[in-house]
Number of protein chains: 2
Amino acid sequence: MKPSTSTQDYLKTIYELTENGSPASTNDLARELNIKPASVTGMIQKLAGEKPALLEYQKHQGVTLTSAGKKAALEVIRHHRLLETWLVQTLGYSWDEVHEEAERLEHVISEDFERRIAAALGHPLRDPHGELIPTADLKMPLDDSTPLSALRKDQTGKILSIKGADANLLRHLEELGLTPNTPIEVISYSPFDHNLTVKVNKKTHVLGLNITSKIFIEET
Amino acid sequence: MKPSTSTQDYLKTIYELTENGSPASTNDLARELNIKPASVTGMIQKLAGEKPALLEYQKHQGVTLTSAGKKAALEVIRHHRLLETWLVQTLGYSWDEVHEEAERLEHVISEDFERRIAAALGHPLRDPHGELIPTADLKMPLDDSTPLSALRKDQTGKILSIKGADANLLRHLEELGLTPNTPIEVISYSPFDHNLTVKVNKKTHVLGLNITSKIFIEET
DNA sequence: TCTAAAATTTAGTCTTGCCTAAATTATTTT
DNA sequence: AAAATAATTTAGGCAAGACTAAATTTTAGA
Ligand SMILES: [Mn+2]
Ligand SMILES: [Mn+2]
Ligand SMILES: [Mn+2]
Ligand SMILES: [Mn+2]
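How each quantity is defined
Residues numbered from 1 in each chain as written. Chains lettered and ligands numbered in written order. Predicted model: local features only at pLDDT ≥ 70, side-chain atom pairs only at ≥ 80, totals over all residues. Heavy atoms only, no water. Donors = N, O, S within 2.8 Å, 3.2 Å for Na, K, Ca; no water. Helix = DSSP H or I, 4+ residues; strand = E, 2+ residues; numbered from the N terminus. Buried < 20%, exposed > 50% of the residue type's maximum accessible area, 1.4 Å probe, protein only. Contact = heavy atoms within 4.5 Å. Buried area = accessible area lost by both parts, 1.4 Å probe. Salt bridge = Lys/Arg side-chain N within 4 Å of Asp/Glu carboxyl O. Polar contact = N/O pair within 3.5 Å; in protein donor to acceptor, adjacent residues only side chain to side chain. Nonpolar A, V, L, I, M, F, W, Y, C, P; charged D, E, K, R; others polar. Pairing = 2+ DSSP bridges. Expected span 1.5 Å × (residues − 1). Patch = residues over 30% accessible without salt bridge, like charges linked within 9 Å, V, L, I, M, F, W, Y side chains within 5 Å. Areas by Shrake-Rupley, 256 points an atom, 1.4 Å probe, with all protein chains shown as cover. Lys, Arg positive; Asp, Glu negative; His and termini not counted. Charge placed at Lys NZ, Arg CZ, Asp CG, Glu CD. Near = heavy atom within 4 Å. Core = buried A, V, L, I, M, F, W, Y, C linked by side-chain atoms within 4.5 Å. Least-squares fit on C-alpha atoms with pLDDT ≥ 70 in both.

1. Focus: the coordination of the manganese ion (ligand 4)
Residue and element names in this part refer to chain B.
Piece 1. With distances of 2.2 to 2.4 Å, the protein atoms coordinating the manganese ion (ligand 4) are D9 (OD), E103 (OE), E106 (OE) and H107 (NE2).
Piece 2. Positions of the donor residues of the manganese ion (ligand 4), expressed as sequence spacing, correspond to D-x93-E-x2-E-H. Of this pair, D9 sits in helix α1 (residues 5-17) while E106 sits in the loop between α5 (98-105) and α6 (111-120); the two residues are 97 residues apart in sequence, bridging distant segments of the chain. Like E106, D9 is buried.

2. Regarding the interface of chain B and chain A
Where interface size is given, it is often the accessible area lost as the parts come together that is meant.
Piece 1. With 17 residues of chain B in contact, the opposing surface of chain A contributes 17 residues.
Piece 2. Carbon and sulfur atoms supply 60% of the area buried between chain B and chain A, which totals about 1500 Å² over both sides.
Piece 3. E97 of chain B is the partner of R116 of chain A in a salt bridge, and the nearest nitrogen-oxygen pair spans 3.1 Å.
Piece 4. Our count for the chain B to chain A interface comes out at 10 residue pairs in polar contact (both at pLDDT 80 or more).
Piece 5. Class assignment of the residues belonging to the side of chain B that touches chain A gives a composition of 10 nonpolar, 2 polar and 5 charged.

3. Re the sheet that holds strand β6 (residues 195-200) of chain B
All names here are of chain B.
Piece 1. If you walk across this open sheet you meet the 6 strands as β3-β8-β4-β5-β6-β7, and the pairing is antiparallel. Both edges of this open sheet fall to β3 (146-147) and β7 (203-207), since each of them pairs with a single strand only.
Piece 2. The pairing of strand β4 (residues 156-162) with strand β5 (residues 183-190) spans 3 bridges and is classified as antiparallel. In the strand pairing of β5, T156 is matched with E185.

4. Here we look at unusual backbone geometry
Residue and element names in this part refer to chain A.
Piece 1. Cis geometry is adopted by the peptide bond preceding P52, which originates at K51 and carries an omega value of 0°.
Piece 2. Summarising the element assignment, P52 is placed in the loop between α3 (37-49) and β1 (55-57).
Piece 3. Phi is positive for H60, close to 65°, though the residue is something other than glycine.
Piece 4. In this structure, H60 sits in the loop between β1 and β2 (63-65).

5. A short note on helix α4 (residues 67-91) of chain B
Along an α-helix, residues three or four positions apart point the same way, because every turn accommodates 3.6 residues.
Residues and elements named next belong to chain B.
Piece 1. Helix length check: α4, at 25 residues, gives a terminal C-alpha distance of 35 Å against a target of 36 Å (1.5 Å per residue), a fit within 8%.
Piece 2. With 18 of 25 residues buried, α4 lies mostly within the body of the structure.
Piece 3. Following α4 by one or two positions, G92 adopts a phi angle in the positive range, close to 75°.

6. Focus on the coordination of the manganese ion (ligand 1)
Residues and elements named next belong to chain A.
Piece 1. Those protein atoms acting as donors to the manganese ion (ligand 1) are H80 (NE2), E84 (OE) and H99 (ND1), and they sit at 2.1 Å.
Piece 2. Within one chain, the residues donating to the manganese ion (ligand 1) are spaced in sequence as H-x3-E-x14-H. Note that H80 and E84 are positioned in helix α4 (residues 67-91) at a spacing of 4 residues, about one turn of the helix.

7. Some thoughts on the pattern of salt bridges
Piece 1. Per the stated rule, a full pass over the model turns up 27 salt bridges over all chains.
Piece 2. Its salt-bridge partner being D112 of chain A, residue R116 of chain A comes within 3.1 Å of it at the nearest N-O pair. Taken together, the residues R116 of chain A and D112 of chain A, both in helix α6 (residues 111-120) and 4 residues apart, mark about one turn of the helix.
Piece 3. In this structure, the salt-bridge partner of E114 of chain B is R78 of chain B, at a minimum N-O distance of 2.6 Å.

8. Topic: a negative patch on the surface
Piece 1. A cluster of acidic residues, E16, E19, D143 and D144 of chain A, forms a negative patch on the protein surface.
Piece 2. Here D143 of chain A is to be found in the loop between α6 and β3 (146-147).

9. A word on the side chain of E114 of chain B
Residues and elements named next belong to chain B.
Piece 1. Position of E114 among the secondary structure elements: in helix α6.
Piece 2. On the accessibility criterion, E114 (4% relative accessible area) is buried.
Piece 3. In this view, E114 contacts E75, R78, H79, L82 and I109; residues no more than four positions away in its chain are not counted.

10. With respect to the protein's contact with DNA strand D
Piece 1. Taken together, 20 residues surround DNA strand D, and among them S4, S39 and K46 of chain A together with Q45 and Y57 of chain B come closest.
Piece 2. Among atoms of DNA strand D positioned within 4 Å of the protein, sugar and phosphate together represent 80%.
Piece 3. T26 of chain B places a polar side-chain atom, nitrogen or oxygen, 2.9 Å from a phosphate oxygen of DNA strand D.
Piece 4. The contact in question runs from a phosphate oxygen of DNA strand D to an N or O atom on the backbone of N27 of chain B, over 2.8 Å.
Piece 5. Breaking the surface near DNA strand D down by element, the ones donating at least two residues are α1 (5-17) and α3 of chain A together with α2 (26-33) and α3 (37-49) of chain B.
Piece 6. In terms of residue class, the surface near DNA strand D is built from 7 nonpolar, 10 polar and 3 charged.

11. Brief notes about the nonpolar core
Piece 1. The biggest cluster of nonpolar side chains holds 32 residues, and the ones touching the most others in it are L83, W86 and F113 of chain A together with L83, W86 and F113 of chain B.
Piece 2. Looking at this core, the elements with two or more residues in it are α4, α5 (98-105) and α6 of chain A together with α4, α5 and α6 of chain B.
Piece 3. Dropping the residues within four chain positions of it, L83 of chain B is found in contact with A102, L105, E106, I109, F113 and I117 of chain B.

12. So, the protein's contact with DNA strand C
Piece 1. Close contacts around DNA strand C come from 20 residues, with Q45, Y57 and K59 of chain A together with S4 and K46 of chain B the closest.
Piece 2. Counting only atoms of DNA strand C within 4 Å of the protein, the fraction found in sugar and phosphate groups is 82%.
Piece 3. Between DNA strand C and T41 of chain A, the relevant distance is 2.9 Å, taken from a phosphate oxygen to a side-chain nitrogen or oxygen of the residue.
Piece 4. In this structure, K46 of chain B approaches DNA strand C through a side-chain N or O atom, which is 2.4 Å from a phosphate oxygen.
Piece 5. Of all elements in the fold, only α2 (26-33) and α3 of chain A together with α1 and α3 of chain B reach the threshold of two or more residues within the surface near DNA strand C.
Piece 6. Taken together, the residues that form the surface near DNA strand C break down as 7 nonpolar, 10 polar and 3 charged.

13. Some remarks on the relation of the copies chain B and chain A
Piece 1. Once chain B is rotated about the relating axis by 180° and shifted along it by 0.0 Å, it coincides with chain A to within an RMSD of 0.0 Å. The operation mapping one copy onto its partner corresponds to a two-fold rotation axis. Of every C-alpha in chain B, the one belonging to L105 of chain B sits nearest the axis of rotation, 3.5 Å from it.
Piece 2. Here 100% of the contact residues of chain B are again contact residues in chain A; the copies associate through an equivalent surface.

Quick look at the structure:
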């Protein structure tokens, strides 16, 4: 049985929240999904009880995905990221506009549609935000990126991706020239506020942790 | 408030069933929507009670669309037909494959998406089946077509559209060369079974009423 | 360690949209 | 004009997925 739109959104969000290795808490899920914590508890109990179970759940300990859950999550994430890529490439959406549209389309496209856009795009590896696209056989490629916030004076790299879908931040970053594939150099680090001064395209900018923690880099 | 997917499907189906001028019956709706008649009654009572009302309803008399209902119906139909056109033109779908995909996508695309594909396609007038696409301001263009079943010996015309989404019929018609824009000539009419013998691309075919009632013609 | 705050779960409701079975109304047939 | 049949509506239920309020458990602070 195909997971409902709600289930798909839960699984996708849990995937993202557990990428760091630790379980996703009820509250974090509630915040990300804009659903009240009490409702989240109900839903995760249900998903953990399906056969096969989609989640591993222990009261008060948060949830992780089972392999069935992970597979379903990667399916949605693949849809989402292919759709974003394709909306940008073929319909001229800008990278700050695509997320909402993909959020709705991801649940209704067929596997045939998925194959057609993947082929039309030449099987892209990353979406417009630089995020890795799960492969057709639902494996997430290895991610060797580092958050910009972890770099220090004189370290250099190339921007790989921007995490999170905040349209305002994306527009701001585009204005500063902080887009995927752009080389970047750290000029200085301020230990008190964690600000980084960086140089991009000959211009320097001072970036707070709110920003540097969302920009991911390939070190060079 | 945006109509739900269910509501949109009801309105679209009612639009199509009332194109002939008479109200849509509960049973016809139930058959088209694959929903039990009892459920249809419940839903049409609800839709007739909304403010503004989407339907005009009198017990046992069937339903018609109010102007609000018609507008919402044309919005969905425009989405559907633009999507079909676009799936065929840009992703290589064949005309017998597009309907299902469009049926799901029609409910979730944004007005922005609608504008973008309409523009990308050059504001097409008809979908891949030759059906008229409602305009951006939600008017249905005048339809001056005649069913092939109404033509008689020696009358000629050009195929404008195929009604209904039966994929098997569409594939059959494509094999016979009975596709939109094809000139067609009636060779003979058999009054007993309503069969028409027609000539298309130098070949003659005998077509039953099941087929001739679904092919629409511009007389020449 | 005891307590206060925060996180989580339970219990009880609500809405949407569907279903079945039974009742009612309309339409045909005889 | 009755009787039989078909169409429609009513009544009662159910499943999904959300919410609020209250109870409980965990975590952190004094
Ligand atoms: Mn996104
Ligand atoms: Mn979503
Ligand atoms: Mn169609
Ligand atoms: Mn539909």
